[in-house]
Structures are given as structure tokens and as C-alpha cells.
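Below are the chains, spelled out letter by letter.
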Amino acid sequence: MAYKSTDIVSRAQWRARDTKGSDAMKTPVKIVFIHHTAGKHTTTRQEGSETVRGIQNFHMNERKWADVGYNFLVGEGGHVFEARGWDRVGAHTKGWNAVSVAFSIMGNFDESHPDPRALKAVLGMIQLGIEMGKISQDYKLYGHRDVGATACPGKNLYKIIQTWDHFSKEKPTK
């Protein structure tokens, strides 16, 4: 079942800082990346909002990015937080940002297993993206590690996404 746009915690609701800008995303994208934040696990909307603000501050202050890098962040309670959203190019997967959407589940999944509510939320958001024309119906799904030297999205989450429809064992192409 797809999420509805009203299920998403908007930037205003989580009290995002103003973006310093980013390019418009050409949709529908054919690639979806799954990440983890490798940080704090969140289960409530309030915890998630605080954590997303911290991630945004890190990305903007330390990395000097225009905004939080991901398109959406997902708490383990199933809360979805709008970051750059569907229509703005992210800063999540070097070399692939302009042609993909990224969902990052908050937590470290090298150490633990993701909550099923978070997994359901990601799958629901992908379906919503298809219904909205933001993600191609024949999209390919990858973990961040499939295109970069990283452990992201963590070994336990990576094992799970390898079982999902659309996961691709082939290297992505632009």
C-alpha cells in the first residue's frame, strides 16, 4: 500500500532550516538508493524531527551542502520526513544524485535490524513515487554500497533490500 502525501512529515512540521538551493530533479527517476544514517535510531515523530534537524545541521554546517542530502528520511516508527523531496536533486550518492531518489532509514543497521515499520514505510513511499510519476515503474533498487566504498546501508538492512522486487545485482547505468 502506498503512502499518501499527507503521511509525510513536511519540512515545516520538522522545522527544517531554509535550503540554500538545489537543482530541480528530472522525473521520473529510474534508480532508488537505500541508505542508513549510521546514527541514532528513532521511533517517535518527535525523536525523528530532532534527529533530522541534527542531520540537516551536520550536512549544511560541516559538509557545506545546500541542505540535508537525502530525499527522504525514515524513522523506525514508520515516520517519513521530507528532506529534499521528490523534485530536488539530493547530495546522497556521489555521481548519482541527479538521476536517483534516496531514502535513508535513521539508525545503524550494521549493529541491529531495521524495524518492520520503517521497511513498510520505504516500500510505501516507493509505491507513492510511482503513482505520482516521480519514480519509473521499471526502477532499479540499490544500496549505497553498490556504487561507493561504504558499508551503507549496513549489513542487516542490505540483506533485506536484496530480497525486494526491483533490487538489481547489475551495476547501475545512467
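Since the model is a prediction, treat every value here as computed from it, not as a measurement.

Undergrad: If you had to explain helix α2 (residues 116-131) to someone new, which residues and values would you point to?
TA: An ideal rise of 1.5 Å per residue puts 22 Å on 16 residues; α2 measures up with 22 Å between its terminal C-alpha atoms. Taken as a whole, α2 has its buried residues at A118, L119, A121, V122, G124, M125, I126, L128, G129 and I130. One side-chain oxygen at the N-terminal end of α2 lies 2.7 Å from the backbone nitrogen of R117; it belongs to D115. Where α2 ends, the next residue or the one after it, G133, has phi of about 80°, a positive value.

Undergrad: An account of the UniProt feature "domain: N-acetylmuramoyl-L-alanine amidase" (unreviewed entry) in the protein chain is needed here, citing residue identities and associated values.
TA: The feature "domain: N-acetylmuramoyl-L-alanine amidase" (unreviewed entry), as annotated in UniProt, sits at residues 14-154 in this numbering. The span residues 14-154 carries 24% helix and 21% strand; its end-to-end C-alpha distance comes to 26 Å.

Undergrad: Describe the pattern of salt bridges, naming the residues involved and giving the relevant values.
TA: Where charged atoms of side chains with opposite charge meet at close range, the side chains can pair. Applying the stated criterion across every chain, the model contains five salt bridges. Between K134 and D87 there is a salt bridge whose closest N-O contact spans 2.7 Å. Here the residue K134 occupies a position in the loop between α2 and β6 (135-143), and D87 occupies one in the loop between β4 (80-82) and β5 (100-105), the gap between them amounting to 47 residues. Using a relative accessible area of 15% as the deciding quantity, one classes K134 as buried. Classification of D87 by relative accessible area gives partly exposed; the value is 41%.

Rules behind the numbers
- Residues numbered from 1 in each chain as written.
- Predicted model: local features only at pLDDT ≥ 70, side-chain atom pairs only at ≥ 80, totals over all residues.
- Heavy atoms only, no water.
- Helix = DSSP H or I, 4+ residues; strand = E, 2+ residues; numbered from the N terminus.
- Expected span 1.5 Å × (residues − 1).
- Buried < 20%, exposed > 50% of the residue type's maximum accessible area, 1.4 Å probe, protein only.
- Polar contact = N/O pair within 3.5 Å; in protein donor to acceptor, adjacent residues only side chain to side chain.
- UniProt positions renumbered as here; feature names shortened; annotations may be inferred.
- Salt bridge = Lys/Arg side-chain N within 4 Å of Asp/Glu carboxyl O.

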